[in-house]
Amino acid sequence: MHFVKTFAAAASAAALLLAPASASASGSNDAENLRRLDIMLMVTSLRCRMGADNFQPQYRQFSANHLATLNGAAKQLEAGLVNQHGAKGAKRALDRISVGMANEYGQGHPWLGCRELKQITTDLAASRDPLDLRIAAVELLATAPSRGGRFAAH
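A quick note: this is a predicted structure, and the numbers were derived from the prediction, not measured.

Caption draft 1: Quick look at the overall build of the protein. The secondary structure content of the protein amounts to six helices and zero strands. Seen in sequence order, the protein has helices and strands lined up from the N terminus as α-α-α-α-α-α. Looking at the 154 residues of the protein, the share that counts as buried comes to 40%. Sequence-distant contacts, at least 24 apart, represent 74% of the contacts inside the protein between residues at least 6 apart. Summed over all atoms, the accessible surface of the protein reaches about 8700 Å², with 56% contributed by carbon and sulfur.

Caption draft 2: Quick look at the side chain of aspartate 38. Relative to the helices and strands, aspartate 38 is located in helix 2 (residues 27-47). Buried charged residue aspartate 38 carries no salt bridge. Nearest counter-charge: arginine 35, at 4.0 Å.

Caption draft 3: Quick look at the state of the cysteines. Inspection of every chain in the model, using the stated rule, returns one disulfide. Here cysteine 48 connects covalently by a disulfide to cysteine 114, the sulfurs 1.9 Å from one another. Note on the cysteine 48 and cysteine 114 pair: the S-S dihedral is about -80 degrees, so by sign convention the disulfide is left-handed. With cysteine 48 in the loop between helix 2 and helix 3 (56-65) and cysteine 114 in helix 5 (residues 114-126), this pair connects stretches of sequence that are 66 residues apart. Take cysteine 48: its relative accessible area is 6%, and that puts it in the buried class. The class of cysteine 114 is partly exposed, set by a relative accessible area of 28%.

Caption draft 4: The arrangement of the side chain of threonine 44 in detail. Looking at the secondary structure, you find threonine 44 in helix 2. The exposure class assigned to threonine 44 is buried, which follows from its relative accessible area of 1%. Within the local environment of threonine 44, its side chain forms a polar contact with the backbone oxygen of leucine 41, the two atoms lying 3.3 Å apart. Setting aside residues up to four positions removed in sequence, threonine 44 forms contacts with Phe55, Tyr105, Gly108, His109 and Leu117.

Caption draft 5: Fine view of the environment of glycine 89. Position of glycine 89 relative to the elements: it lies in helix 4 (residues 67-104). Between the C-alpha atom of glycine 89 and that of glutamate 78, which follows or precedes it by 11 residues, the distance is 9.5 Å.

Caption draft 6: Representation of the nonpolar core. Leu37, Met40, Leu41, Phe62, Leu124, Leu133 and Leu140 are the most contacted members of the largest nonpolar core, which has 31 residues in total. Elements represented by at least two residues in this core include exactly helix 2, helix 3, helix 4, helix 5 and helix 6 (130-140). Take this core: its biggest share by element is eight residues, from helix 4. Non-local contacts of methionine 40, meaning those with residues more than four positions away in its chain, are made with Tyr105, His109, Leu117, Leu140 and Leu141.

Cut-offs applied
One numbering rule holds for all chains: residues counted from 1, following each sequence as written. For a predicted model such as this one, the threshold for reporting local features is a pLDDT of at least 70, and the threshold for listing and counting side-chain atom pairs is 80 or more; totals across whole chains, interfaces and linings nevertheless cover every residue. Based on all heavy atoms of the structure, the side-chain values leave hydrogens and waters out of the count. Secondary structure elements follow DSSP: runs of H or I no shorter than four residues count as helices, runs of E no shorter than two count as strands, and numbering proceeds from the N terminus. Buried residues are those whose accessible area, probed at 1.4 Å on protein chains only, stays under 20% of the maximum for their type, while exposed residues exceed 50% and partly exposed ones sit between those limits. Only heavy atoms enter the contact rule, under which two residues are in contact if any of them lie within 4.5 Å. In these tables, accessible area is a Shrake-Rupley quantity obtained with a 1.4 Å probe, and a residue counts as shielded only by the protein chains included in the view. For this count, His and the chain ends are skipped, Lys and Arg are scored as positive, and Asp and Glu as negative. Definition used for salt bridges: Asp or Glu carboxyl oxygen within 4 Å of a side-chain nitrogen of Lys or Arg. Throughout, a disulfide means two cysteine sulfur atoms within 2.5 Å of one another. Polar contacts, as used here, are pairs of N or O atoms within 3.5 Å; protein pairs need one atom able to donate a hydrogen and one able to accept it. Residues neighboring in sequence count only if both atoms are side-chain atoms. Definition of nonpolar core: a set of buried residues of the types Ala, Val, Leu, Ile, Met, Phe, Trp, Tyr and Cys, connected through side-chain atoms within 4.5 Å.

What follows is the structure in structure tokens.
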């Protein structure tokens with residue numbers, strides 16, 4: 001429970017810090033980050049499924065609890081691709097992008113292990129706030145942990 005309270009406090013602080021940036025950020029970038037977060041958690045949950053830190057049940061709960069947000073992000077990405085590729089081509093382009101994202105995490109997360117990812121996924125599954133997903137995406141998809149960030153490796 002302490003972890004969730006810390007997450008809530010960090011989320012509130014990050015929301016204040018990110019407010020100017022998110023006002024200027026494109027919705028497409030936000031949608032891509034949410035899609036990438038979902039795929040990263042899915043792929044890493046598969047990698048961690050055989051160990052003590054299996055978090056596939058937590059990932060399934062996360063996915064179910066945030067289905068509308070995650071599907072909305074995928075639809076927004078696809079809609080952005082229609083102009084370039086047409087309706088059928090947009091679906092194929094989104095599939096290619098998604099496979100590329102999955103391949104990025106085929107060897108695991110760059111700085112988090114199964115134990116940390118399990119805890120993070122548990123917390124995200126318990127949350128119903130889409131803002132929590134956006135904050136997690138910014139921090140978890142960085143190539144290195146942010147100093148003092150909510151998801152910095154300990």
